[in-house]
Amino acid sequence: MPVYKADALVLRTYKLGEADRIVVFMTRDRGKKRGVAKGARRPRSKYMGALEPLTRGEVAYFEREQRELVQLNYMDPVRSPLLAQSAEALGYVGYFAELLDEWAQDAHADERLFRLGSSMVDAIAAGAPIEKLARYFEYWLLRLQGVYPALSCAECGGSLGKGAMMPPREHMFVCEGCAPGGGGTEVSTGAIRFLASAGSVGPERLESLSLVASASRELETVHRRLINLHLEKELKSARVLREMRHAR
Ligand SMILES: [Zn+2]
């Protein structure tokens, strides 16, 4: 049996039998895999602290013929989301991992998605402002999938510089002048400016972009609409995050 080594991101785990875990992980070069981590739930297991969602590291595994589950040999963590300095940031880790899990495909490498996920755990460990990071991550994730609408008016092609709207049941932006009556999600100038800058700035430079709380809420709503449209469901972790905020 050949052993594969890969850069990997842990997406989620679940219990298997008495002492093991199944680990869903995304590799840089061979897509998403599911593997058995033997003894991972035993005290003093070699996997201790290495299987938290969004942990990046080097994984070694065997593939077994005719079996979907690979066998993990080791997971050597390089960067852990547990380095996050705030409880709030830790609350977002599961959300980021769930989004990556939804979009990563089995046995289909997606280098750009892998790099985006890796840069998120780096940013979290470095103490990046977490809400801004979440909007940035959603924006880039949707962009990489080719589902982010253009940052110009879908009706007249004009600029969104004076603010925009995403009409109800439509998934594009229109300018103030073309916005229909009857609601929709308003997107302020500040939110549009954030998106325009996020397209050309790495996550390590997020501090330099401004995004006030109200603009972050607007983008959160827009992104949720786009994500739900493409996944045809609402993510559990997104709901949990919203409820946590309301409880504060
Ligand atoms: Zn227009």
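Quantities reported herein were computed from a predicted structural model and do not represent experimental measurements. (Residues numbered from 1 in each chain as written. Predicted model: local features only at pLDDT ≥ 70, side-chain atom pairs only at ≥ 80, totals over all residues. Heavy atoms only, no water.)

Trainee: Describe helix α3 (residues 130-144), with residues and values.
Mentor: The periodicity of an α-helix, 3.6 residues per turn, causes residues three or four places apart in sequence to face the same way. Taking 1.5 Å per residue, 15 residues should reach 21 Å; α3 reaches 21 Å between its end C-alpha atoms and fits that length. By the criterion of burial, α3 is predominantly enclosed, with 14 of the 15 residues buried. Backbone geometry just after α3 places G146 at a positive phi near 75°. (Helix = DSSP H or I, 4+ residues; strand = E, 2+ residues; numbered from the N terminus. Expected span 1.5 Å × (residues − 1). Buried < 20%, exposed > 50% of the residue type's maximum accessible area, 1.4 Å probe, protein only.)

Trainee: Any details on the sheet that holds strand β4 (residues 56-62)? Residues and values, ideally.
Mentor: Read around the barrel, 5 strands follow the order β1-β2-β3-β5-β4 and close on themselves; strand pairing throughout is mixed. Each adjacent strand pair in this sheet contributes to an overall mean axis angle of 50°, direction not counted. Looking at chain direction, strand β1 (residues 3-16) and strand β2 (residues 20-27) are connected through 8 bridges and run antiparallel. Within β2, the position partnered with A8 by the bridge is T27. In the packing of helix α1 (residues 87-103) onto the sheet, the strands contacted are β1, β2 and β3 (31-37), and the crossing angle to β1 comes to about 115°. (Pairing = 2+ DSSP bridges. Axes fitted to C-alpha atoms, helices over the stretch in contact; angles between N-to-C directions. Contact = heavy atoms within 4.5 Å.)

Trainee: Can you tell me about the nonpolar core, naming the residues and giving the values?
Mentor: Soluble globular proteins: nonpolar side chains tend toward being buried together. With 63 residues, the main nonpolar core has Y95, F96, L133 and F194 as its most contacted residues. Examining the composition of this core, we find that 10 residues originate from one element, α3, more than from any other. One finds V10, A40, A50 and V59 within the second-largest nonpolar core, a separate group that totals 15 residues. (Core = buried A, V, L, I, M, F, W, Y, C linked by side-chain atoms within 4.5 Å.)

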